[in-house]
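Examining the three-dimensional arrangement
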Amino acid sequence: MLKEFKDFISRGNVMDLAVGVIIGAAFTAIVKSLVDNIINPLIGIFLGQIDFSNLVFKVGNASFKYGSFINSIINFLIIAFVVFLLVKAINKIMPAKDNSSEETPTPTIEEKYLSEIVEILKKTR
């Protein structure tokens, strides 16, 4: 069981996923800082300081802070747009992968025989 776990952990996919999660967390902090410190103040210049966090409705003793939810939605949309722009810029900078340089695999003996059979069948029809 321990050997199976070691094999599972040492697989490339798991390590790639772990690296992706760590980089994603760091990237999230960068994007959040960009949005909070640069994008939101720019929006505030044109639209004024929009803050919905004090919007609340109460039912009995329960308080529903729907204004904070609206703020979260707005921040999500801004972050998603900034990430979209970053990915678009990175895609322009990074060259596309050239898959034409990959070698075509050589056919196996079975594949050769099958292709010959197909050719014979085409000729007989």
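As shown above, the structure is provided for reference.
Read on for an overview of the structure.

About the thresholds
For every chain, the first residue of its written sequence is number 1, and the numbers climb from 1 along that sequence. Side-chain atom pairs in this predicted model are given and counted only at pLDDT of 80 or more, local residue features only at pLDDT of at least 70, and totals for whole chains, interfaces and linings cover all residues. As a convention, hydrogens and water are excluded, and side-chain values are obtained from all of the structure's heavy atoms. Secondary structure is summarised from DSSP: a helix means a run of H or I of at least four residues, a strand means a run of E of at least two, and numbering begins at the N terminus for each. For every residue, the accessible area obtained with a 1.4 Å probe (protein chains only) is divided by the maximum for its type, and the residue is called buried under 20%, exposed over 50%, and partly exposed between those limits. By definition in these notes, contact holds between two residues if any of their heavy atoms fall within 4.5 Å. Computed by Shrake-Rupley with a 1.4 Å probe, the accessible areas treat only the displayed protein chains as cover when residues are assessed. Classification of ring pairs uses Phe, Tyr and Trp, with its six-membered ring standing for Trp, and accepts pairs whose centres are within 6.5 Å; under 30 degrees between planes counts as stacked, over 60 as edge-to-face, and the remaining range as tilted. The span expected for a helix works out to 1.5 Å for each residue beyond the first. What makes a patch is a set of residues exposed beyond 30% relative accessible area and free of salt bridges, joined within 9 Å when like-charged and within 5 Å when nonpolar (Val, Leu, Ile, Met, Phe, Trp, Tyr). Any Lys or Arg side-chain nitrogen located within 4 Å of an Asp or Glu carboxyl oxygen qualifies as a salt bridge.

Helix and strand counts for the protein come out as four helices and two strands. Within the span of the protein, comprising 125 residues, buried residues form 6% of the whole. Partitioning the intrachain contacts of the protein with sequence separation of at least 6 by distance along the chain shows that 39% fall at a separation of at least 24. Surface summary for the protein: the accessible area is close to 11400 Å², and the carbon and sulfur share equals 68%.

Attention now goes to the environment of phenylalanine 69. Structurally, the position occupied by phenylalanine 69 is in helix H3 (residues 66-93). In this structure the C-alpha to C-alpha distance between phenylalanine 69 and leucine 55, which are 14 residues apart in sequence, comes to 9.6 Å.

A few words on the packing of aromatic side chains. Across all of its chains, the model carries three aromatic pairs by this definition. Their ring planes at 20° and their centres at 4.9 Å tell us that phenylalanine 57 and phenylalanine 64 sit as a pair that is stacked. Classification of phenylalanine 57 as partly exposed rests on a relative accessible area of 42%. One aromatic cluster is present, built from ring pairs that chain together Phe57, Phe64 and Tyr66.

Residues spaced three or four apart along an α-helix face the same direction, because each turn holds 3.6 residues. Taking 1.5 Å per residue as the helical rise, helix H4 (residues 109-124) with its 16 residues ought to reach 22 Å, and the 23 Å between its terminal C-alpha atoms agrees with that figure. Of all the 16 residues making up H4, zero are buried; the element is thus mostly uncovered.

The subject of this paragraph is a nonpolar patch on the surface. On the surface, a nonpolar cluster with roughly 460 Å² of combined accessible area is contributed by Ile38, Leu42, Ile45 and Phe46. One can find isoleucine 45 in helix H2 (residues 12-47).

With respect to the helices, strands and loops of the structure, serine 53 is situated in the loop between H2 and strand S1 (57-59). Between the C-alpha atom of serine 53 and that of serine 68, which follows or precedes it by 15 residues, the distance is 4.3 Å. Each residue touching serine 53, except ones within four places of it in the same chain, is listed here: Gly67, Ser68 and Asn71.

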